[in-house]
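# Close look at the chain arrangement
Given next are the chains, with one letter for each unit.
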Amino acid sequence: MVTAFHVSLVGRKDLSGEIYRQIRRAVLDRRLRPGDPLPPGRELARALAVSRATVTVAYERLAAEGFVTSRQGSGTFVSELVTQIGPEKTGRRSTGALQPRPIWEAVPPQPTFETVRFDFRTGICDASLFPHRSWRRSVAWALRSGETTAGVYEHAAGHRDLRVAIARQTGISRGIKASADDIIITNGTQQALDVLARVLLAPGDGIAVEDPGYGPPRHLFKALGIRVVGVPVDRQGLVVDALPRGIRAVYVTPSHQYPLSVTMTLPRRQALLAWAERNNAAIIEDDYDSEFRFGGRPLEPLQMLDARGRVVYVGSFSKTMLPTLRLGFLVTPPSLRAALHKAKFVSDWHSSTLAQAALARFIDEGAFARHVRRVSAIYRERHQIIADAISRNFVEHLELIPSTTGLHLTALARRMSADQIAEVARRAAGRGVAVQVLSRFAVNAIPRAGVMLGYGAIPTAHIEEGVRLLRACFDSEP
Ligand SMILES: Cc1ncc(COP(=O)(O)O)c(C=O)c1O
């Protein structure tokens, strides 16, 4: 049993925020460890001479971000899932003369990816399936190429051969309308969003994001001083009617919404494009994992439906190749091209020519298409095993959201609360099964109860046992 954590309030401004930040920092630097209890809300409120609501707001915010979970009748505890976030490398805030701007306090540290036995986490691809030998050949070829060995910088848009290869590849596989001149190579999706945000949005401008939604872009936008507004997602994708006024851009994952797994329907896509036109806004379309498709006709990307140059399409090689490559791209409308080139240039001149030239060679030789075809068949099988298991063995607890794309499935809890699901995930973690809970991805809305099951990392042969262990956690007592 640990002693109750002590919060000290100095000023009287933003008291909830101060309580939230102190506890959050303590969790991240491990003064509070997974499973540790927080002081009961009423007690803390009394000790700090603040209202009960002040403490409740702080606790709810910590719960929504997955730092703590409440167990009915027994209190609030540091979430076991925080182990996935890992300790903040810098440790406690140091007392040096130089301090970061306060905005960085609100940005969570990078997640760590420790090895677990039954790994259903999302956002990871199976590196054991990667064709390392043919990739090494492409890298060796690139090492000898003139561009790689030249002593001058390349164009900020990226290596020409790779841009040509991507324009051709995305034209065939996704119907993207683009020439090599429209492609800008970036260090993954994340940098594409960074340069886009800098070019499109000033501090204080608003961007709409899906709620629930993928975290890193949201934190990036906030760090740039951009106002982030969560907009709900239903079975048809982003609820366009809920978009507020005065928003300059919308960031969406229409092919395979992260984390809910729904595909944005055609009427919603059309409504979103019409909304952007009426509101003079940009649409950023993140198509991060739709190369893996297991049935059904793919819907046209927003970029393809867009007749007015309002959509910027963003793609990544983190799932199809390896996330460590840090290669992605965006397809720019002509009106943004020059500014985006400048933004990429002032950010880092350009992405590594060696990696770009090797990838261009890999795509041109057909190795990329072969690899995606091969792993798609494997991911398809994993997808099916998990979908069957959820539909068969979890009927009373979970409802699977139908999905035929990507590297994860999502299931909503039928009766359990988000806290109860977090408790299940905590128990599962104790048995070597890692799953992500939906509630972690809430933006403003009340966190939804459910789980995500990724199949990028787990070998096919381990799925049945992993799912069986997870199922048992729904029944066992805490
Ligand atoms: C929604 C979404 N977009 C993009 C990415 C890939 O990001 P990056 O290309 O920066 O690795 C991921 C990875 O998990 C993701 O979940």
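All values derive from a computational prediction rather than experimental measurement.

## Observations regarding the overall build of the protein chain
Along the backbone of the protein chain there are 16 helices and 16 strands. Against the compact-globule benchmark of 23 Å for 478 residues, the protein chain has a radius of gyration of 23 Å, which places it among compact chains. Projecting the C-alpha coordinates of the protein chain onto the three principal axes gives extents of approximately 70 × 50 × 45 Å. Looking at the protein chain as a whole, 54% of its 478 residues qualify as buried. When contacts within the protein chain are restricted to residue pairs at least 6 apart in sequence, long-range pairs at least 24 apart make up 73% of them. For the protein chain, the distance from the average site of its 63 positive side-chain charges to the average site of its 45 negative ones is 2 Å.

## Some thoughts on the site of the ligand
In the vicinity of the ligand, 13 residues are found, and the nearest of them are T189, D286, S316, S318 and K319. S316 places a side-chain nitrogen or oxygen 2.7 Å from an oxygen atom of the ligand. No other element matches the three residues that helix α8 (residues 188-200) contributes to the shell around the ligand. A breakdown of the residues in the shell around the ligand according to their chemical character gives three nonpolar, seven polar and three charged.

## Concerning the confidence of the model for the protein chain
For the protein chain, the mean per-residue pLDDT works out to 91, and 96% of the residues sit at or above 70. Per-residue pLDDT stays below 50 along residues 84-91; that stretch engages in 21 contacts with residues further than four places along the chain or on separate chains.

## Things to note about unusual backbone geometry
Most peptide bonds take the trans configuration, and most residues that are not glycine carry a negative phi. Along the chain, D211 connects to P212 via a cis peptide bond; the corresponding omega equals 5 degrees. Cis geometry is found at the peptide bond from Y258 to P259, where omega equals 15 degrees. For P259, the position within the fold is in the loop between β8 (247-252) and α10 (266-278). Phi angles above zero are rare outside glycine, and N280 is one such case at about 50 degrees. In this fold, N280 is placed in the loop between α10 and β9 (282-286). Accessibility expressed as a relative area gives 54% for N280, which makes it exposed.

## Concerning the sheet that holds strand β10 (residues 311-316)
Strand order in the open sheet formed by eight strands is β4-β11-β10-β9-β8-β5-β6-β7, with mixed pairing between adjacent strands. Of all the strands in the sheet, the pair left with one neighbour each is β4 (183-186) and β7 (237-238). Sheet topology places strand β5 (residues 206-211) next to strand β6 (residues 227-234); six bridges connect them, and they run parallel. Each residue of the ladder has a partner; that of I207, found in β6, is V228.

## Brief notes about the packing of α8 against helix α9 (residues 215-223)
Two elements in contact, α8 and α9, have axes whose closest approach is 10 Å; the angle formed by their N-to-C orientations is 30 degrees. On the basis of the axis angle, α8 is roughly parallel to α9. Between α8 and α9 lies a crossing of right-handed hand. Packed against α8, whose contacting residues are Q190, L193, D194 and A197, the element α9 presents P216, P217, L220 and F221 at the interface. Looking at the contact of α8 with α9 residue by residue, the classes come out as six nonpolar, one polar and one charged.

What counts as what
Residues numbered from 1 in each chain as written. Predicted model: local features only at pLDDT ≥ 70, side-chain atom pairs only at ≥ 80, totals over all residues. Heavy atoms only, no water. Helix = DSSP H or I, 4+ residues; strand = E, 2+ residues; numbered from the N terminus. Rg over C-alpha atoms; globule rule 2.2 N^0.38 Å. Buried < 20%, exposed > 50% of the residue type's maximum accessible area, 1.4 Å probe, protein only. Contact = heavy atoms within 4.5 Å. Lys, Arg positive; Asp, Glu negative; His and termini not counted. Charge placed at Lys NZ, Arg CZ, Asp CG, Glu CD. Near = heavy atom within 4 Å. Polar contact = N/O pair within 3.5 Å; in protein donor to acceptor, adjacent residues only side chain to side chain. Nonpolar A, V, L, I, M, F, W, Y, C, P; charged D, E, K, R; others polar. pLDDT = per-residue confidence, 0-100. Pairing = 2+ DSSP bridges. Axes fitted to C-alpha atoms, helices over the stretch in contact; angles between N-to-C directions. Parallel < 35°, antiparallel > 145°, perpendicular 65-115°, else oblique. Left-handed = near helix turned anticlockwise from the far one by under 90°.

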